[in-house]
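Fold and geometry: a report
Letter by letter, the chains look like this.
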Amino acid sequence: MKLYRFLTGPDDATFCHKVTAAVNKGWHLFGSPTYSFDAETKTMRCGQAVVKDVEGHDYEAGVTKLSDY
């Protein structure tokens, strides 16, 4: 199965650590990172899509927990 996640977070080191942790668990960057202003909180937010191929498992919407991979 191919899994997809979109990681988001504030523009600080915690976002970089989140992406780094995903890459070290076998996820691969997918596309360019995003960067936008959150007018409600008046902060900048980052986003990065990641994908991962997992052999021997079938994806089930609402059942498969992405955090398990």
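The structure contained in this document is the topic of the report that follows. (Residues numbered from 1 in each chain as written. Predicted model: local features only at pLDDT ≥ 70, side-chain atom pairs only at ≥ 80, totals over all residues. Heavy atoms only, no water.)

1. Side note on the overall build of the protein chain
Secondary structure assignment for the protein chain yields 1 helix and 3 strands. Secondary structure elements of the protein chain occur, N-terminal to C-terminal, as β-α-β-β. Its C-alpha atoms give the protein chain principal-axis dimensions of about 45 × 25 × 20 Å. Burial analysis of the protein chain (69 residues in total) assigns 25% to the buried set. Of all intrachain contacts in the protein chain linking residues separated by at least 6 positions in sequence, the fraction that spans at least 24 positions is 59%. Here the protein chain displays about 5000 Å² of accessible surface, and carbon together with sulfur accounts for 56% of that area. (Helix = DSSP H or I, 4+ residues; strand = E, 2+ residues; numbered from the N terminus. Buried < 20%, exposed > 50% of the residue type's maximum accessible area, 1.4 Å probe, protein only. Contact = heavy atoms within 4.5 Å. Areas by Shrake-Rupley, 256 points an atom, 1.4 Å probe, with all protein chains shown as cover.)

2. Some thoughts on the side chain of K52
In this fold, K52 is placed in strand 3 (residues 43-53). Comment: no salt bridge for buried K52; closest opposite-charge side chain is D53, at 10 Å. Side-chain polar atoms of K52 contact the backbone oxygen of Y69, separated by 2.6 Å. Setting aside anything within four residues of it in sequence, one finds K52 in contact with M1, K2, L3, K25, G26, W27 and Y69. (Lys, Arg positive; Asp, Glu negative; His and termini not counted. Salt bridge = Lys/Arg side-chain N within 4 Å of Asp/Glu carboxyl O. Polar contact = N/O pair within 3.5 Å; in protein donor to acceptor, adjacent residues only side chain to side chain.)

3. Considerations on the packing of aromatic side chains
In the structure shown here, the tally under the stated rule is 1 aromatic pair. A centroid spacing of 6.4 Å and a plane angle of 90° characterise the contact between Y4 and F30, whose relative ring orientation is edge-to-face. With a gap of 26 residues between them, Y4 in strand 1 (residues 2-10) and F30 in strand 2 (residues 28-38) connect regions that are remote in the sequence. Take F30: its relative accessible area is 48%, and that puts it in the partly exposed class. It is R5 that lies over the ring of W27; its NZ or CZ is 5.3 Å from the centre. (Phe/Tyr/Trp six-rings, centres within 6.5 Å; stacked < 30°, edge-to-face > 60°. Lys NZ or Arg CZ within 6 Å of the ring centre and 35° of its normal.)

4. Quick look at the state of the cysteines
Within this structure, the stated rule accounts for 0 disulfides. In this model C16 remains outside any disulfide bridge; the closest cysteine sulfur is found in C46, 6.8 Å from its own. Accessibility expressed as a relative area gives 47% for C16, which makes it partly exposed. Relative accessible area serves as the criterion here: at 12%, C46 is assigned to the buried category. (Disulfide = S-S within 2.5 Å.)

By themselves, these figures tell us nothing about what the structure is for.
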